[in-house]
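Residue-level structural notes
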Amino acid sequence: MPGNTTPEAIADTVAARTTYLITPISYALADIGAGRLRALGVTTNTRSPLLPEVPTIAEAGVTGFDYPIWYGVWVRTGTAAGVVDKLAKDIARVLAAPDLRGWLAKHGSDPMSMTQPEFAHFVVSESENAARFAKAAGIKLQ
């Protein structure tokens, strides 16, 4: 069963109290390197430079599987447009910084900077993908 990305969830997987775990590579890399966890596949459509020998889930046989782990920033409805614009510009500027990009790459992340409309479309698309994966796994969503 999948868990969250806490050290406890990783410990539960190492101890066989859970069957599997989907987590950012950086969280599990030490346990993978030590042989306590076995990486079966990466959830993105390309292999990770941190684990180049590990296939993508699609390569392992689940056609069309592309489910990257991502983070986003939301604000309350009604937040002043000027505040939203400044926040969006500041986030884009920070994500473009070479030092941050390098640090993120070293930890298995590839930042995706998007406009607000692009991000809104992305969130809807990811929600549809999650629903499709759940349905394929026989999970009924409410």
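Going by the structure above, here's the rest.
So, here is what we can say about the structure in this document.

**With respect to the packing of aromatic side chains**
The tally for this structure, following the rule as stated, stands at five aromatic pairs. Aromatic pair Trp-70 and Phe-119: ring centres 5.9 Å apart, planes at 85°, arrangement edge-to-face. With Trp-70 in the loop between helix 2 (25-33) and helix 3 (81-96) and Phe-119 in helix 5 (residues 116-136), this pair connects stretches of sequence that are 49 residues apart.

**Digging into the nonpolar core**
Residues Ala-9, Ile-10, Leu-21, Ala-28 and Leu-37 constitute the largest nonpolar core, which totals five residues. For Ile-10, the contacting residues outside a window of four places in its chain are Leu-21, Tyr-27, Ala-28, Asp-31 and Leu-37.

**Looking at helix 5**
Think of an α-helix as 3.6 residues a turn; residues three or four steps apart then line up on the same face. Between the first and last C-alpha of helix 5 there are 30 Å, a value that for 21 residues agrees with the 30 Å anticipated at 1.5 Å per step. Residues of helix 5 that are buried: Phe-119, Phe-122, Glu-126, Asn-129, Phe-133 and Ala-134. An end-on view of helix 5 places all buried positions within 130° of arc, on one side of the element. Facing away from the buried side of helix 5 by more than 90 degrees, the exposed set consists of Pro-117, His-121, Glu-128 and Lys-135.

**Observations concerning the packing of helix 3 against helix 4 (residues 98-106)**
Direction vectors running N to C along helix 3 and helix 4 enclose 65°, while the axes themselves pass 5 Å from each other. Judged by the inter-axis angle, helix 3 sits roughly perpendicular to helix 4. Here Val-94, Leu-95 and Ala-96 of helix 3 come into contact with helix 4, specifically with Pro-98, Leu-100 and Arg-101.

**Observations regarding a nonpolar patch on the surface**
The grouping of Tyr-20, Ile-22, Tyr-27, Ile-69 and Tyr-71 at the surface amounts to a nonpolar patch, some 510 Å² of accessible area in total. Along the polypeptide, Tyr-27 turns up in helix 2.

**Some words on the environment of Gly-41**
Looking at where Gly-41 falls in the secondary structure, it is placed in the loop between helix 2 and helix 3. Note: C-alpha distance between Gly-41 and Leu-51 (10 residues apart in sequence) is 9.4 Å. With sequence-adjacent residues up to four places away left out, Gly-41 is seen in contact with Val-54, Pro-55 and Ile-57.

**Observations concerning the pattern of salt bridges**
Tallied over the entire structure, the rule returns six salt bridges. Linking Arg-47 and Glu-59 is a salt bridge whose minimum nitrogen-to-oxygen distance equals 2.8 Å. One end of the pair, Arg-47, is in the loop between helix 2 and helix 3; the other, Glu-59, is in the loop between helix 2 and helix 3, with 12 residues separating them in the sequence. What makes Glu-59 partly exposed here is its relative accessible area of 48%. Note that Asp-90 is salt-bridged to Arg-93, the shortest N-O span being 3.7 Å. Of this pair, Asp-90 and Arg-93 both sit in helix 3, three residues apart, roughly one helical turn. When its relative accessible area of 26% is taken as the criterion, Asp-90 is described as partly exposed. Using a relative accessible area of 55% as the deciding quantity, one classes Arg-93 as exposed.

Procedures and definitions
- Residue indices follow the written sequence of each chain, beginning from 1 at its first position.
- Per-residue local features are limited, in this predicted model, to residues with pLDDT of at least 70; the limit for side-chain atom pairs, both in listing and counting, is 80 or more; totals at the level of whole chains, interfaces and linings are taken over all residues.
- The basis for every side-chain value is the complete set of heavy atoms in the structure, and neither hydrogens nor water enter the calculation.
- Ring pairs shown here join Phe, Tyr and Trp side chains whose ring centres sit within 6.5 Å, with only the six-membered ring taken for Trp; geometry is labelled stacked below 30 degrees between planes, edge-to-face above 60, and tilted in between.
- We count a stretch as a helix when DSSP gives it H or I for four or more residues in a row; a strand needs E for two or more, and each element gets its number in order from the N terminus.
- Definition used in this section: a nonpolar core is a set of buried Ala, Val, Leu, Ile, Met, Phe, Trp, Tyr and Cys residues joined via side-chain atoms within 4.5 Å.
- Residue burial is assigned from relative accessible area. The probe radius is 1.4 Å, only protein chains are included, and a residue is buried under 20% of its type maximum, exposed over 50%, and partly exposed in between.
- What makes two residues a contact is simply this: any of their non-hydrogen atoms within 4.5 Å.
- What a helix is expected to span follows from its residue count: subtract one and scale by 1.5 Å.
- It is the directions from the helix axis to the C-beta atoms that the arc portrays.
- Helix axes use the C-alpha atoms of the stretch in contact, all axes being lines fitted to C-alpha atoms, and the angles between their N-to-C directions lie in the range 0 to 180 degrees.
- An angle below 35 degrees is treated as roughly parallel, one above 145 as roughly antiparallel, one from 65 to 115 as roughly perpendicular, and anything else as oblique.
- Two distance rules govern patches: like charges are joined within 9 Å, and nonpolar side chains (Val, Leu, Ile, Met, Phe, Trp, Tyr) within 5 Å, applied only to residues with over 30% relative accessible area and no salt bridge.
- What sets the accessible areas is the Shrake-Rupley method with a 1.4 Å probe; for residues, cover comes only from the shown protein chains.
- A side-chain nitrogen of Lys or Arg and a carboxyl oxygen of Asp or Glu constitute a salt bridge if their distance falls within 4 Å.

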